[in-house]
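The lines below spell out each chain.
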Amino acid sequence: MSRRRQIYEGKAKILYEGPEPGTIIQYFKDDATAFNNQKKGTINGKGVLNNRISEHIFTRLGHIGVPHHFIRRLNMREQLVRQVEIVPIEIVVRNVAAGSLTKRLGVEEGTPLPRTLIEYCYKDDALGDPLIAEEHIACFGWASQDEMNEIADMAIRVNDFMCGLFAGINIRLIDFKLEFGRIWDGDYSRLLLADEISPDGCRLWDMESDEKLDKDRFRRDMGGEVEAYQEVARRLGLLPEGTANEVLDLEQHRKKRGK
Ligand code: UDP
């Protein structure tokens, strides 16, 4: 039971009204979906891990001056963020060919791209988030040209930073998805990086073995999803050795006590 007003329930998160105007609480669920919602399941403890991983990455991005919506983590599954008007575009940044790119263009999975590729998809579940060109964005007014320039610049900065962050823990950043939102001050708006950054929306491969440490394990029925997400958190230093299960056990324990 919740005392707070629920604003929205998405595939992996629930949004609640925050304690102050202009804030929102993001609750991270264990639910996982793939292939435009056709495949559904749960990854035990995913919400706890994604909450921590996303907190870490947003905080680090803040340190290099990337404006973002994250304020603070509230508890194991919730974080307080600034309320933004989401730009209805998913920004996909690719360093290595994988996923829909390989299917669309027949490029072999794992082929390094000669330059970082940015793609845009229209955020619409009913349409299956179709790939769009910048011309569609301009034509339908989903974002201004200035906003698109800023989004592309920020996406490249985020990519450069995240490639380094993950390379430092022996993980190759293959591709990932970003979302941006606007906050308004009178007639003027500012863009903030929003949503989450976690193994749900990134492809992460072990640098040596190419082992997948992301949601592709779920998409492809490979098993070991929980362990993969835990491994990412562990390498980021978010789960001191041997504590991964303890964190989840603690949550189970609290639930049993009705807290
Ligand atoms: N992605 C995402 N949400 C989406 C679509 C893609 O987070 O709705 C992420 C996905 O996890 C991957 C990257 O964006 O890291 C590129 O995904 P792709 O276009 O290859 O799509 P998919 O293989 O998921 O169909």
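Right above here is the structure, for reference.
Every value quoted in this text rests on a predicted model; they were computed, and no experiment measured them.

*Asks:* Quick question: what am I supposed to make of the packing of helix α1 (residues 46–63) against helix α4 (residues 145–167) here?
*Replies:* For any two helices packed against each other, the geometry is given by the interaxial angle and the distance between the axes. Direction vectors running N to C along α1 and α4 enclose 120°, while the axes themselves pass 11 Å from each other. Regarding the angle of α1 to α4, the classification is oblique. The handedness of the crossing between α1 and α4 is right-handed. Here His-56, Ile-57, Arg-60 and Leu-61 of α1 lie close against α4, whose contacting residues are Val-158, Phe-161, Met-162, Leu-165 and Phe-166.

*Asks:* Can you help me understand the nonpolar core in this one?
*Replies:* For soluble globular proteins, nonpolar side chains are generally found buried alongside one another. Core analysis: the biggest nonpolar cluster contains 50 residues, and Met-162, Phe-166 and Ile-197 have the highest contact counts within it. In terms of residue count, α4 provides more of this core than any other element does, nine residues in total. Residues contacting Met-162, with those up to four places away along its chain left out, are Ile-57, Leu-173, Phe-176, Ile-197 and Cys-202.

*Asks:* Would you mind showing me how to read the packing of aromatic side chains here?
*Replies:* Centre distance and the angle of the planes are the two values used to describe a pair of aromatic rings. Applying the stated criterion across every chain, the model contains two aromatic pairs. Their ring planes at 15° and their centres at 4.0 Å tell us that Tyr-122 and Trp-142 sit as a pair that is stacked. You can see Tyr-122 sitting in strand β10 (residues 112–122) and its partner Trp-142 sitting in the loop between α3 (134–140) and α4, a full 20 residues away along the chain. Residue classification places Trp-142 among the buried residues on the basis of a relative accessible area of 16%. Between Phe-140 and Trp-142, the aromatic rings sit 5.1 Å apart at their centres with planes inclined by 25°, giving stacked as the arrangement. Residue Phe-140 is classed as exposed on the basis of its relative accessible area, which comes to 51%. Between Lys-39 and the ring centre of Phe-218, over which it is positioned, the NZ or CZ distance is 4.8 Å.

*Asks:* Could you clarify how one ought to interpret the site of the ligand in this entry?
*Replies:* Close contacts around the ligand come from 15 residues, with Arg-94, Ser-100, Asp-175, Arg-203 and Arg-219 the closest. The contact in question runs from an oxygen atom of the ligand to an N or O atom on the side chain of Arg-94, over 2.7 Å. Within the side chain of Ser-100, an N or O atom sits 2.6 Å from an oxygen atom of the ligand. Starting from 500 Å² of accessible surface for the ligand in isolation, the protein chains cover 79%. Elements with a contribution of two residues or more to the shell around the ligand: β9 (89–96), α2 (99–105), β12 (171–185) and β14 (202–206). Classifying every residue of the shell around the ligand by side-chain character gives four nonpolar, three polar and eight charged.

The rules we used
- Residues numbered from 1 in each chain as written.
- Predicted model: local features only at pLDDT ≥ 70, side-chain atom pairs only at ≥ 80, totals over all residues.
- Heavy atoms only, no water.
- Axes fitted to C-alpha atoms, helices over the stretch in contact; angles between N-to-C directions.
- Helix = DSSP H or I, 4+ residues; strand = E, 2+ residues; numbered from the N terminus.
- Parallel < 35°, antiparallel > 145°, perpendicular 65-115°, else oblique.
- Left-handed = near helix turned anticlockwise from the far one by under 90°.
- Contact = heavy atoms within 4.5 Å.
- Core = buried A, V, L, I, M, F, W, Y, C linked by side-chain atoms within 4.5 Å.
- Buried < 20%, exposed > 50% of the residue type's maximum accessible area, 1.4 Å probe, protein only.
- Phe/Tyr/Trp six-rings, centres within 6.5 Å; stacked < 30°, edge-to-face > 60°.
- Lys NZ or Arg CZ within 6 Å of the ring centre and 35° of its normal.
- Near = heavy atom within 4 Å.
- Polar contact = N/O pair within 3.5 Å; in protein donor to acceptor, adjacent residues only side chain to side chain.
- Areas by Shrake-Rupley, 256 points an atom, 1.4 Å probe, with all protein chains shown as cover.
- Nonpolar A, V, L, I, M, F, W, Y, C, P; charged D, E, K, R; others polar.

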